[in-house]
Amino acid sequence: MGSAIYGQQGELGQLFSKETQAIFFNWKEKPVQRMLDFDFLCGRPTPSVACIVQPGSNGGFQKVFFGDEEIAIPVYGSTTEAAKKHPKADVFVNYASFRSAYESTMEALQTATVRVVAVIAEGVPEKDTKRLIAYARSNNKVIIGPATVGGVQAGAFKIGDTAGTLDNIIACKLYRPGSVGFVSKSGGMSNEMYNVLSRATDGLYEGIAIGGDTFPGSTLSDHCIRYQNIPQIKMIVVLGELGGQDEYSLVSALKEGKVTKPVVAWVSGTCAKLFKSEVQFGHAGARSTGESDSAQVNRPNVLLRITKPATFVLAI
């Protein structure tokens, strides 16, 4: 695995590889099985789910399929025990509810062998999210989420339900790497864009959905700067949205020369201006509380140094 997002400039790199393994917190059959189906499709020799943490469990196993072979994944009652038994598992996939996501995420961040934590839950209290972000940044850890579907490195590793069903993964050619680095706030729109990229380019190399809550653990610009330092990524695609000012930090990164690869970006939500009152879109963070948060203002600023599609359709 590459070094974490918050290291020195020369240390930034990819988060996952074909050897990456994860600790899966709070057993959910479908996301685990989808991770293993992706593994098998990509020709991974070992499953990406090393173990499952089920709080209060006395241990045991969960039966799942790896291709046409039934396998047993060990279950532990605590993150500490799981990390001790599986020290090479450096990704923590957290399916805890928003009520307990803070405690389980903080425990994972404080685990020395864990370097990336994906927080799936939506609606984690903002004060808790800020504490998690502060701890992660000061300890060289990476948070994806909250309110995320996760991320994927094509042909190598994916988190939970990222990219949807196996049919969609095949259609989007995610079983082998392309050369596009993609980042978005939305998991659903990421799935759409993976399909677009498979038809308009040589395909995805890595894609991250940072999450739709107001305070994401890592930002659009964090991942774009990281993509700059991955040689296999030749261009970057960003799908922003109204609300917040993360897109401005991407402009700053471009102006400062932190990102020099070709970038194509779109900021969704331009229709918000057609409504007489403030509109809350699907994500907690997808609302404009001021002129600077609007898609109309964000879009020209973002596209100032980036390829300018006249419309989303033309960008395809």
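Residues numbered from 1 in each chain as written. Predicted model: local features only at pLDDT ≥ 70, side-chain atom pairs only at ≥ 80, totals over all residues. Heavy atoms only, no water.

### Notes on the overall build of the protein
Part 1 of the argument: Each helix and strand in the protein was counted, giving 10 helices and 13 strands.
Part 2 of the argument: Here the protein holds 316 residues, and the buried ones make up 55% of them.
Part 3 of the argument: Accessible surface for the protein amounts to roughly 13300 Å². Of this, 53% is attributable to carbon and sulfur atoms. (Helix = DSSP H or I, 4+ residues; strand = E, 2+ residues; numbered from the N terminus. Buried < 20%, exposed > 50% of the residue type's maximum accessible area, 1.4 Å probe, protein only. Areas by Shrake-Rupley, 256 points an atom, 1.4 Å probe, with all protein chains shown as cover.)

### Observations regarding the sheet that holds strand β6 (residues 116-119)
Part 1 of the argument: Reading across from one edge, β3-β4-β2-β1-β5-β6-β7 is the order of the 7 strands in this open sheet, with mixed pairing throughout. On the outer flanks of this sheet lie β3 (61-66) and β7 (142-144), each paired with one strand and no other. Adjacent strand axes in the sheet meet at a mean angle of 25 degrees, parallel and antiparallel pairs treated alike.
Part 2 of the argument: Bridge count between strand β2 (residues 49-53) and strand β4 (residues 69-76): 2 bridges; the pairing is parallel. What sits directly across from Ile52, in β4, is Val75. (Pairing = 2+ DSSP bridges. Axes fitted to C-alpha atoms, helices over the stretch in contact; angles between N-to-C directions.)

### A short note on the environment of Gln228
Part 1 of the argument: By the element assignment, Gln228 lies in helix α7 (residues 220-228).
Part 2 of the argument: Sequence spacing of Gln228 and Pro262 is 34 residues, and the spatial spacing of their C-alpha atoms is 9.8 Å.
Part 3 of the argument: Apart from the residues within four sequence positions on either side, Gln228 is in contact with Ile236, Lys258, Val259, Thr260 and Lys261. (Contact = heavy atoms within 4.5 Å.)

### Side note on the confidence of the model for the protein
Residues shown with low pLDDT carry predicted positions that ought not to be read at fine detail.
Part 1 of the argument: The predicted model of the protein has a mean per-residue pLDDT of 87, with 80% of residues at 70 or higher.
Part 2 of the argument: When the criterion is pLDDT under 50, residues 1-10 qualifies, and its contacts beyond four places in sequence or with other chains add up to 38 contacts.
Part 3 of the argument: Within the model, the stretch residues 283-288 combines pLDDT values under 50 with 28 contacts to residues more than four positions away or in other chains. (pLDDT = per-residue confidence, 0-100.)

### Focus on the side chain of Ser186
Part 1 of the argument: Assignment of secondary structure puts Ser186 in the loop between β10 (180-184) and α6 (187-200).
Part 2 of the argument: Residue Ser186 is classed as buried on the basis of its relative accessible area, which comes to 11%.
Part 3 of the argument: Within the structure, the side chain of Ser186 is placed 3.0 Å from the backbone nitrogen of Met189, a separation counted as a polar contact. (Polar contact = N/O pair within 3.5 Å; in protein donor to acceptor, adjacent residues only side chain to side chain.)

### Re the environment of Phe16
Part 1 of the argument: Note on placement: Phe16 falls in the segment before β1 (21-25).
Part 2 of the argument: With 138 residues separating them in the primary sequence, Phe16 and Ala154 have C-alpha atoms 9.9 Å apart.

### Here we look at the packing of aromatic side chains
Part 1 of the argument: Throughout the structure, instances matching the rule amount to 5 aromatic pairs.
Part 2 of the argument: Between Phe16 and Phe157, the ring centres sit 4.9 Å apart and the planes meet at 35 degrees, which makes this aromatic pair tilted. Of this pair, Phe16 sits in the segment before β1 while Phe157 sits in strand β9 (residues 157-158); the two residues are 141 residues apart in sequence, bridging distant segments of the chain. Per residue, the accessibility class of Phe16 equals that of Phe157, and both read buried.
Part 3 of the argument: Between Phe24 and Tyr95, the aromatic rings sit 5.0 Å apart at their centres with planes inclined by 15 degrees, giving stacked as the arrangement. Of the two residues, Phe24 sits in strand β1 while Tyr95 sits in the loop between β5 (89-94) and α3 (101-109), which places them 71 residues apart along the sequence.
Part 4 of the argument: Relative accessible area serves as the criterion here: at 0%, Phe24 is assigned to the buried category. (Phe/Tyr/Trp six-rings, centres within 6.5 Å; stacked < 30°, edge-to-face > 60°.)

### A look at the nonpolar core
Soluble globular proteins tend to pack their nonpolar side chains together in the buried interior.
Part 1 of the argument: Counting residues in hydrophobic clusters, the biggest one holds 43 residues, and the most contacted among them are Phe16, Ile144 and Val238.
Part 2 of the argument: Among the elements that take part in this core, α7 stands out by supplying 4 residues, more than any other.
Part 3 of the argument: Grouped together as the second largest cluster of nonpolar side chains are 24 residues, Ala89, Phe92, Val119 and Val124 included. (Core = buried A, V, L, I, M, F, W, Y, C linked by side-chain atoms within 4.5 Å.)

### Looking at helix α8 (residues 246-255)
Part 1 of the argument: Of the residues making up α8, those classed as buried are Asp246, Glu247, Leu250, Val251, Ala253 and Leu254. Down the axis, α8 shows its buried residues gathered within 160 degrees of arc, on one side only.
Part 2 of the argument: Immediately downstream of α8, the backbone of Gly257 shows phi near 80 degrees, a positive value. (Arc of directions from axis to C-beta.)

### Section: the sheet that holds β10
What links the strands of a sheet is backbone hydrogen bonding, and the strands pair in either a parallel or an antiparallel sense.
Part 1 of the argument: Read from one edge of the open sheet, 6 strands run β9-β8-β11-β10-β12-β13, paired in mixed fashion. Each edge of the sheet is formed by a strand with only one pairing partner; in this case those strands are β9 and β13 (263-268).
Part 2 of the argument: As defined by bridge partners, strand β8 (residues 150-153) adjoins strand β11 (residues 204-209) across 4 bridges and the pair is classed as antiparallel. Across the sheet, the residue bridging to Gly151 is Ile208, located in β11.
Part 3 of the argument: Across the face of the sheet, α7 comes into contact with β10, β11 and β12 (235-241) while running at roughly 170 degrees to β10.

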